[in-house]
Amino acid sequence: IDTALSSVISMDEQGCIIGWNAQAEQTFGWTRQEAIGRTMTDTIIPHAHREAHQRGLERFLKSGDGPVLNKRIEITALRRDGTEFPIELAITPIRLENTYTFTAFVVDISERKQAEEALRTSEARLTMTVQGSQIGIWDWNLTTGSVYFSPQWKSQLGHDDGTLLNDFQEWQSRIHQEDQSLVHTTIQSCLDGDRSQFELEHRLQHRDGSYRWILSRGSLVRDVYGVAARMVGIHIDTTDRKRTEEELRTAKEAAEAASVSKS
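Residues numbered from 1 in each chain as written. Predicted model: local features only at pLDDT ≥ 70, side-chain atom pairs only at ≥ 80, totals over all residues. Heavy atoms only, no water.

The next point concerns the overall build of the protein chain. The secondary structure content of the protein chain amounts to 9 helices and 10 strands. Compactness check: the protein chain gives a C-alpha radius of gyration of 32 Å against a globular reference of 18 Å for 263 residues, more than 25% above the reference. Seen through its principal axes, the protein chain has C-alpha atoms that stretch 110 × 35 × 35 Å. For the protein chain, the proportion of its 263 residues judged to be buried stands at 32%. Sequence-distant contacts in the protein chain: of pairs separated by 6 or more residues, those separated by 24 or more amount to 40%. Accessible surface, the protein chain: about 16,100 Å² in total, of which carbon and sulfur atoms supply 52%. Put simply, the protein chain has 30 plus and 39 minus side-chain charges, and the middle of one group is 2 Å from the middle of the other. (Helix = DSSP H or I, 4+ residues; strand = E, 2+ residues; numbered from the N terminus. Rg over C-alpha atoms; globule rule 2.2 N^0.38 Å. Buried < 20%, exposed > 50% of the residue type's maximum accessible area, 1.4 Å probe, protein only. Contact = heavy atoms within 4.5 Å. Areas by Shrake-Rupley, 256 points an atom, 1.4 Å probe, with all protein chains shown as cover. Lys, Arg positive; Asp, Glu negative; His and termini not counted. Charge placed at Lys NZ, Arg CZ, Asp CG, Glu CD.)

Laid out in C-alpha cells, this is it:
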C-alpha cells in the first residue's frame, strides 16, 4: 500500500480516516499523522459533496445499498490548501466481524483532464480552420481498410455527408481514367516506403458528372513498430485555378499566333 501509485485511504463506519498511504500524503497535502482520526468530510471532500457523502454512508450502513461502491467514478476532491481537483475514485467496503471499513483508491487525473481539454480546444480550432478554408480531409486506416472523408471533402464533389459513403471504392471509382495510373503509382510508392509524403493533382468526378481538379497531399503514419498504419491528407479544389491557367495559356498562344501572322 505504501508503494502504490494510487492514494489508498481507509475509513471506518463513523467516517473517520484509519488508513493513509504515502501517495495520499503527496496528493492531498496531509501527513499520515495529521490525517489519521480526521473525518473524510473535513479532509478531502469538497463542501458541495459533504452532505451527499454522509447520506450515502448512513444509507449503506442501514440497507447495504451503495450505488457508488465498487465502481470507478470521477469526482472532485479537496487538497489541504483548499483547492479542488478532479480524481478517479473506487471505494470498496469490507466487513470485519460486526463492522465495516471502507477502502478508497484515488488517482489524481488533473493532467489527464487538462490534456483532454487542450485536445478539445485544438480540435475545435482545427475544425473552424478547415471549415473556413474549405479544405477536405481524408483518413485511410491501412489496417482495417476503413476511410474517412470530411464533409468538406464530399462537398467538393457536390455531395453532403449523407449522400457519399466513407468507402475506399467511392473515391477510387471517381478518379479520371487518364489519372488513375499516376494516382496508384504515387500512393503505392508511399506504401512501399519510397517516400513518406506525396503531392499530386488529379481529377475526380463531381456529382453532376463533370470532373474537378483536386490537389491531394498525403502523409504515411507508422505505428511504434514502423509498420504503415494510416495515410492521412487533405484535398484542395484547384479547378478554378486550372481553368484560369488554361485561359492564360490559350490567350498567350493566340497572341503568339497573331504576332506570327502580322510578321
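Attention now goes to the pattern of salt bridges. Under the criterion given, the structure shown has 24 salt bridges. Note that aspartate 65 is salt-bridged to arginine 59, the shortest N-O span being 3.9 Å. According to the relative accessible area criterion, arginine 59 is partly exposed, its value standing at 41%. Two residues, lysine 113 and glutamate 116, come together in a salt bridge whose shortest N-O distance is 3.8 Å. Of this pair, lysine 113 and glutamate 116 both sit in helix 5 (residues 110–133), separated by 3 residues, roughly a single helical turn. Given the relative accessible area of 30%, lysine 113 is considered partly exposed. On the basis of relative accessible area, glutamate 116 is assigned to the partly exposed category, the value being 28%. (Salt bridge = Lys/Arg side-chain N within 4 Å of Asp/Glu carboxyl O.)

So, on to the packing of aromatic side chains. Following the criterion strictly, the structure yields 9 aromatic pairs and no others. Summarising the aromatic geometry, the rings of phenylalanine 28 and phenylalanine 85 are spaced 5.7 Å apart at their centres and angled 55 degrees between planes, so their arrangement reads as tilted. Highlighted residues: phenylalanine 28 in helix 1 (residues 22–28) and phenylalanine 85 in strand 4 (residues 84–96), separated in sequence by 57 residues. Relative accessible area serves as the criterion here: at 3%, phenylalanine 85 is assigned to the buried category. Relative to tryptophan 153, the ring of phenylalanine 149 lies with its centre 4.0 Å away and its plane at 10 degrees, an arrangement referred to as stacked. Neither residue differs from the other here; phenylalanine 149 and tryptophan 153 are each classed as buried. Ring pairs connect the aromatic residues Trp20, Phe28 and Phe85, which therefore count as one cluster. The ring of phenylalanine 85 has arginine 79 sitting right over it, with the charged end atom 3.8 Å from the ring centre. Its end group placed over the ring of tryptophan 30, arginine 80 keeps NZ or CZ at 4.5 Å from the ring centre. (Phe/Tyr/Trp six-rings, centres within 6.5 Å; stacked < 30°, edge-to-face > 60°. Lys NZ or Arg CZ within 6 Å of the ring centre and 35° of its normal.)

Attention now moves to the sheet that holds strand 8 (residues 197–205). Judged by pairing direction, the sheet is antiparallel, and its 5 strands sit side by side in the order 7-6-10-9-8 without closing on themselves. Strands with a single pairing partner mark the edges of an open sheet, and in this sheet they are strand 7 (147–149) and strand 8. On average, each strand axis in the sheet is inclined to that of its neighbour by 20 degrees, with strand direction left out of account. As paired strands, strand 8 and strand 9 (residues 211–222) are joined by 9 bridges and run antiparallel to one another. Residue pairing for strand 9: glutamine 197 is matched across the bridge by serine 219. Here helix 8 (residues 180–191) sits on the sheet in contact with strand 6 (136–141), strand 8, strand 9 and strand 10 (228–237), set at roughly 150 degrees to strand 8. (Pairing = 2+ DSSP bridges. Axes fitted to C-alpha atoms, helices over the stretch in contact; angles between N-to-C directions.)

The next thing to look at is the nonpolar core. By size, the foremost hydrophobic cluster in this structure holds 22 residues, and its most contacted members are Ile9, Trp20, Phe28, Met40, Ile44 and Val106. Those elements that provide at least two residues to this core are strand 1 (7–12), strand 2 (17–20), helix 1, helix 4 (47–63), strand 4 and strand 5 (99–108). Looking at this core element by element, the count peaks at 4 residues for strand 4. Excluding residues within four positions of it along the chain, methionine 40 makes contact with Ile9, Met11, Gly15, Ile17, Ile45 and His53. In this structure, Val147, Trp171, Ile187 and Met231 belong to the second largest nonpolar core, which totals 18 residues. (Core = buried A, V, L, I, M, F, W, Y, C linked by side-chain atoms within 4.5 Å.)

Without other data, these values stay purely geometric and don't point to any function.
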